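One letter stands for each residue in the lines below.
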Amino acid sequence: MRIERLGRGGTVAQVLAGLDARARRSGLPAPAALTGEWFGCAAVIAPSLATAAVPPSHAFESARVRHGTGARRPGGPVIGGGWIGYLAYPDGSGAAPSLPAAAGGWTDSVLRLDLDGCWWYEALTDEPCPRDVAATVTDGTVTGSTPTVGAAWHIDWSAPDPTEHRRGVESCLDAIRAGEVYQACVCTRFTGRWSGDPLGFFADAVTRTSPARAAYVAGPWGAVASLSPELFVSRHGRRLRSSPIKGTVPRTADPAELRASVKDVAENIMIVDLVRNDLGRVADTGSVTVPELLTVRPAPGVWHLVSTVAATARAGTSVRELLDAAFPPASVTGCPKIRARELLQRWEPHARGVYCGAVGMSGPLAGLELNVAIRTVEFGPDGSCALGVGGGITADSDPDAEWRECLDKAASIVRLPSRSAHLTGGVR
């Protein structure tokens, strides 16, 4: 294990841009990043991450990952390295974005930005920080004195069909009235064509919107730029935690509307109960608690209603057993979960792809932290891209209001101004 204090340096966007330039110049894979609130840090970055498609059963479960302890040292957590990648939503029979069902890769070292603004280099081996990586952090770029601001990118978005979404919502309302489900998350998606560098998009997006659980991972198979505000699950030692989001109003609205909304409160509590059940399948009896209920929090373009469920995993529980119990995330499925998943495949004409899956990291020291892959743009190697949006439907839902909620959730992404000069194409 090696830890080096690099000191204050560039912003996350500047460091990512410098690492991307370094990787291109050296013929290395692109960097990967977790930014916002991950492992008690402001950012965790793999300077270069070789990724590949993997079977879904292998995602976040590497031979080198056992059960991270959430180890700490004075001044913060120890990350060191681990497997960074994603696991796509497993259901759906319609056309899906052209990304694999799971992809990621292992890194022996990371750059960590602590909450005080200091950069650290951490490695699971004894290898020192490469000089050009250290220079990228402290100068904001590999060479020269002007910080790198990011590569060019551009996306031409096309909105989904509102009548198609309405049919799904109305079918869900019929199923609720028939007693088949109590709640379900009905989704649609924006589609588009992209050019330039997806990492440039991600760097600009996190700079402008500061999502709590943002993540970026790329490879020959494509790229995923997740601007998620939501924690699906974390595991540190045997401590489990999940913070489902249910309930949304635009940022222009009074956030007090959320706590006063019978529909949003009921939706959140139903999903909290579902998360309690999911984690309870692998938890010590009596250990499942709800330390936070119905808290209003800001997110890009909207206010959300957030709760937190905590539990203690049974001794010996593997990452695979945890995912088998809880994946896909409760907040993007419905109650009861199995029936909701079955019906959603009828109501949604497209498979969700990575959207509503999970992106994150699993490491031998860091533990496991995964987001819910909402507000997530999928970049296909063929120049296609997709952005899924949706919302929870209850007996009180209004189809027109549900459509407006989809637009509110997408607005901070589809309206992001492109950086269109000197475009160069291709995900590496």
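The written sequence of each chain sets the order in which its residues are numbered from 1. Totals for whole chains, interfaces and linings use all residues, but because this is a predicted model, local features are given only for residues with pLDDT of at least 70 and pairs of side-chain atoms are given and counted only at 80 or more. Derived side-chain values reflect all non-hydrogen atoms in the structure, with water molecules and hydrogen atoms excluded from consideration.

Q: Got a minute to help me understand the overall build of the chain in this structure?
A: We count a stretch as a helix when DSSP gives it H or I for four or more residues in a row; a strand needs E for two or more, and each element gets its number in order from the N terminus. On a plain count of helices and strands, the chain comes out with nine helices and 24 strands. Each of the three principal axes of the chain carries a C-alpha extent, and together these read 65 × 50 × 40 Å. Accessibility here uses a 1.4 Å probe with only protein chains present; expressed as a share of the type maximum, an area under 20% marks a residue as buried, one over 50% as exposed, and anything in between as partly exposed. The buried share of the chain, taken over its 428 residues, is 60%. Of the contacts formed within the chain by residues at least 6 apart in sequence, a portion of 76% connects residues at least 24 apart. About 16000 Å² of surface is accessible on the chain, with carbon and sulfur atoms providing 52% of the total. All tallies of charge rest on Lys and Arg as positive and Asp and Glu as negative; His and the ends of each chain are not included. Note on charges: their place is set at NZ of Lys, CZ of Arg, CG of Asp or CD of Glu. The distance from the centre of the 43 positive side-chain charges to the centre of the 43 negative ones in the chain is 4 Å. Any two residues whose heavy atoms approach within 4.5 Å are treated as being in contact. Note on areas: these come from Shrake-Rupley sampling with a 1.4 Å probe, and a residue is covered only by the protein chains present in the view.

Q: For this particular structure, what's the right way to read the environment of Thr394?
A: With respect to the helices and strands, the residue Thr394 is situated in the loop between strand S24 (384-393) and helix H9 (399-414). When the C-alpha positions of Thr394 and Ala223 are compared, they lie 34 Å apart, and in sequence the two are 171 residues distant. Once residues lying within four places of it in the same chain are set aside, the contact partners of Thr394 are Leu173, Ile176, Tyr182, Gln183, Lys263, Glu267 and Met270.

Q: Would you mind showing me how to read helix H4 (residues 198-209) here?
A: Within an α-helix, residues lying three or four positions from one another point in the same direction, as the helix has 3.6 residues per turn. Look at H4: 16 Å from first C-alpha to last across twelve residues, which is about the 16 Å you get at 1.5 Å a residue. Of all the twelve residues making up H4, ten are buried; the element is thus mostly covered by neighbouring parts of the structure. Considered for burial, the residues of H4 that qualify are Pro198, Leu199, Gly200, Phe201, Phe202, Ala203, Asp204, Ala205, Val206 and Thr209. Throughout this description, a polar contact denotes any pair of N or O atoms lying within 3.5 Å of each other; where both atoms belong to protein, one of them has to be capable of donating a hydrogen while the other can accept it, and for residues adjacent in sequence the pair is counted only when both atoms sit in side chains. A side-chain oxygen of the first residue of H4 lies 3.0 Å from the backbone nitrogen of Leu199; this N-cap is Asp197. By this rule the span expected of a helix is its residue count minus one, scaled by 1.5 Å.

Q: Would you take a moment to explain the confidence of the model for the chain for this structure?
A: It should be kept in mind that the predicted coordinates are not to be read in detail where pLDDT is low. For every residue, the predictor reports its confidence as pLDDT, a number between 0 and 100. For the chain, per-residue confidence averages 92 on the pLDDT scale, and residues scoring 70 or more make up 91% of the total. With pLDDT under 50 throughout, residues 141-147 is counted as low confidence; its partners more than four residues away or in other chains account for twelve contacts.

Q: Got a minute to help me understand the pattern of salt bridges in this structure?
A: Where side chains of opposite charge bring their charged atoms close, a pairing between them can arise. One side-chain nitrogen of Lys or Arg within 4 Å of one carboxyl oxygen of Asp or Glu is enough to make a salt bridge. Under the defined criterion, the tally for this structure stands at 23 salt bridges. With a shortest N-O distance of 2.9 Å, Arg22 and Asp132 are connected by a salt bridge. Taken together, the positions of Arg22 in helix H1 (residues 12-26) and Asp132 in helix H2 (residues 131-139) put the pair 110 residues apart, joining distant regions of the chain. On the accessibility criterion, Arg22 (9% relative accessible area) is buried. Assessed through its relative accessible area of 26%, Asp132 is described here as partly exposed. Residue Arg112 is joined to Glu122 by a salt bridge in which the shortest nitrogen-to-oxygen separation is 2.8 Å. One end of the pair, Arg112, is in strand S9 (residues 109-113); the other, Glu122, is in strand S10 (residues 119-123), and ten residues separate them in sequence. Each member of the pair, Arg112 as well as Glu122, carries the same accessibility label: buried. If you follow the salt bridges from partner to partner, you end up with Lys246, Lys263, Glu267 and Glu402 in one network.

Q: Help me understand unusual backbone geometry, please; the structure alone is not making it clear to me.
A: Apart from glycine, the bulk of residues carry a negative phi angle, and the bulk of peptide bonds sit in the trans form. A cis geometry characterises the amide bond from Phe327 onward to Pro328, with omega recorded as 0 degrees. Looking at the element boundaries, Pro328 is found in the loop between helix H7 (319-326) and strand S20 (334-335). Along the chain, Cys335 connects to Pro336 via a cis peptide bond; the corresponding omega equals -10 degrees. If you trace the backbone, Pro336 turns up in the loop between S20 and helix H8 (337-347). Positive phi outside glycine occurs at Phe39, with the angle close to 50 degrees. Positioned with a positive phi, Arg375 is a non-glycine residue whose angle comes to about 50 degrees. Within the element layout of this structure, Arg375 appears in the loop between strand S22 (367-371) and strand S23 (376-379). For Arg375, a relative accessible area of 7% gives the class buried.

Q: I'm lost on the environment of Gly367 in this one. Help?
A: Among the structural elements, Gly367 can be located in strand S22. With 131 residues separating them along the chain, Gly367 and His236 place their C-alpha atoms 4.9 Å apart.

Q: Help me understand the pairing of S24 in this model?
A: Across the ten residues that make up S24, a large majority, nine, are buried. The pairing of strand S12 (residues 183-196) with S24 spans ten bridges and is classified as antiparallel. Pairing of Thr188 across the sheet is with Val389, part of S24. Only strands joined by at least two bridges in the DSSP assignment are considered to pair. Both S23 and S24 contribute to a ladder of three bridges, which runs antiparallel. Opposite Phe379, over in S24, you have Cys385 as the bridge partner.

Q: Any chance you could explain the environment of Pro198 here in plain terms?
A: Take Pro198: it is sitting in helix H4. Spatially, the C-alpha atoms of Pro198 and Gly222 are 9.2 Å apart, while their sequence positions differ by 24 residues.

Q: Explain the nonpolar core to me, please; I cannot follow it from the model alone.
A: The term nonpolar core refers to a set of buried residues drawn from Ala, Val, Leu, Ile, Met, Phe, Trp, Tyr and Cys, joined through side-chain atoms within 4.5 Å. Phe60, Phe232, Leu279, Leu323, Trp347 and Leu370 are the most contacted members of the largest nonpolar core, which totals 51 residues. If we skip the residues at most four places from it in the chain, Trp347 touches Gly168, Ser171, Cys172, Ala175, Ala184 and Val186. Counting residues in hydrophobic clusters, the runner-up holds 42 residues, among them Leu19, Leu111, Ala214 and Val377.

Q: Quick question: what am I supposed to make of H1 here?
A: Taking 1.5 Å as the rise per residue, H1 with 15 residues should run 21 Å; its terminal C-alpha atoms sit 21 Å apart, in good agreement. Turning to H1, its buried residues number three or more, namely Val12, Ala13, Val15, Leu16, Ala17, Gly18, Leu19, Asp20, Arg22 and Ala23. Of the surrounding secondary structure, the elements contacted by the buried residues of H1 are strand S2 (32-38), strand S3 (41-46), S9, S10, H2 and H4.

Q: So what exactly am I meant to see when it comes to the state of the cysteines here?
A: A covalent bond bridging the sulfur atoms of two cysteines is what the word disulfide describes. The disulfide criterion is simple: two cysteine sulfur atoms within 2.5 Å. This model, assessed by the stated rule, comprises zero disulfides. The thiol of Cys129 is not disulfide-bonded; the next cysteine sulfur, from Cys118, is found 12 Å away. Free cysteine Cys185: the closest other cysteine sulfur is in Cys187, separated by 3.8 Å.

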